[in-house]
Amino acid sequence: TEFSPSRRSLLQAVRAELTTSLERYELANAVEESRRLAESVIREMQDGAIVLDPEGRCVVCNPAASRLLGIDPQASSGCPVDEWLPLPRASIERLRRSADDPLDENGDMLFEVEGRLLAFTAGPLIEPDGSRRGIIVLVRDVTETVAAERLKQDFVSMVGHELRTPLTLIRTSIDLLTEEAAGDL
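On a predicted model such as this, the values are computed, not experimentally measured, just so you know.

S.K.: Explanation requested: the overall build of the chain in the structure shown.
M.R.: Of the regular secondary structure elements, the chain holds six helices and five strands. Written out in order from the N terminus, the α and β elements of the chain read α-β-β-α-α-α-α-β-β-β-α. For the chain, the C-alpha radius of gyration of 32 Å lies well beyond 16 Å, the compact-globule estimate for 185 residues. With the C-alpha coordinates of the chain rotated into their principal frame, the extents come out at 130 × 45 × 30 Å. Relative to its 185 residues, the chain shows a buried fraction of 22%. Taking all contacts inside the chain whose residues are at least 6 apart in sequence as the whole, residues at least 24 apart take part in 36%.

S.K.: What is the right way to read empty space enclosed by the protein from this model?
M.R.: The probe, sized like a water molecule, is rolled over the atoms to show the empty space still left. This structure, assessed with the given rule, holds one cavity of 30 Å³ or more. By volume, the largest cavity is sized at about 70 Å³. Taken together, Ile50, Leu52, Val81, Leu85, Ile92, Leu95, Arg96, Ile135 and Val137 form the lining of the largest cavity. For the lining of the largest cavity, the secondary structure elements donating two or more residues are β1 (48-52), α5 (89-100) and β5 (132-141). Here the lining of the largest cavity gets three residues from one element, more than from any other, and that element is α5. Class assignment of the residues belonging to the lining of the largest cavity gives a composition of eight nonpolar, no polar and one charged.

S.K.: What is the right way to look at the nonpolar core in this model?
M.R.: Taken as a class, soluble globular proteins show a tendency for nonpolar side chains to be buried jointly. Of all hydrophobic cores here, the largest spans 24 residues; its most connected members are Ile50, Leu69, Trp84, Leu85, Leu87 and Phe120. Elements that contribute at least two residues to this core include exactly β1, β2 (58-61), α2 (63-69), α4 (81-84), α5, β3 (109-113), β4 (116-126) and β5. Setting aside anything within four residues of it in sequence, one finds Leu69 in contact with Ile50, Trp84, Leu85, Pro86, Val113, Glu114, Leu118 and Phe120.

S.K.: Explain the environment of Ala64 here, please?
M.R.: Take Ala64: it is sitting in helix α2. Leave out the neighbours within four places in its chain, and Ala64 touches Met45, Gln46, Asp47 and Gly48.

S.K.: Got a minute to help me understand the pattern of salt bridges in this structure?
M.R.: Scanning the entire structure with this criterion turns up 14 salt bridges. Note that Glu55 and Arg57 form a salt bridge whose closest N and O atoms lie 3.4 Å from each other. With a shortest N-O distance of 2.6 Å, Asp82 and Arg89 are connected by a salt bridge. Residue classification places Asp82 among the partly exposed positions, given a relative accessible area of 26%. Three or more residues joined by partner-sharing salt bridges are found here, namely Glu32, Glu33, Arg35, Arg36 and Glu39.

Parameters at a glance
Residues numbered from 1 in each chain as written. Predicted model: local features only at pLDDT ≥ 70, side-chain atom pairs only at ≥ 80, totals over all residues. Heavy atoms only, no water. Helix = DSSP H or I, 4+ residues; strand = E, 2+ residues; numbered from the N terminus. Rg over C-alpha atoms; globule rule 2.2 N^0.38 Å. Buried < 20%, exposed > 50% of the residue type's maximum accessible area, 1.4 Å probe, protein only. Contact = heavy atoms within 4.5 Å. 1 Å grid on protein atoms, 1.4 Å probe; cavity = no way out; pocket = protein on both sides within 12 Å on 5 of 7 lines; lining within 4 Å. Points joined across faces, edges and corners; volume = space filled by probe spheres on them. Nonpolar A, V, L, I, M, F, W, Y, C, P; charged D, E, K, R; others polar. Core = buried A, V, L, I, M, F, W, Y, C linked by side-chain atoms within 4.5 Å. Salt bridge = Lys/Arg side-chain N within 4 Å of Asp/Glu carboxyl O.

Below, the structure written as structure tokens:
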């Protein structure tokens, strides 16, 4: 059957609207899937992740960060970092400066929190257009790593000392013999 030009135009408009609606629906599903995936990754991370907005208020605090810092994630949400992060104000400012200029600091910043040694790394959270959206702070428990490093250093120091003592005694004995202080060989 043949449609009149006005009906054909109406059908084309409906088809275009349906196509647009379908594309929006598929895009919304893709965005929602990406959001769920990102939330799942952040939730399951072993390292703590904290996202602060440009004013320094908490936007995201994953379960690992809550556990490591001994804080309630609900209490931190939307609050300025100075109010809930268990670090001295000077340390928080140092993290902010590190995020402003990541090349200015050498490596992680170590702080003791509730008897654990935590490494903090801060960096800017950048939008695709290059604008700054806030700060991301990663928190890692390095207590066991530092303890293992100390044990290794202590072991190497002890072995060095234990090897030097007999070697010194042997060297002294050889010197005495070569100087013939004990008589002819």
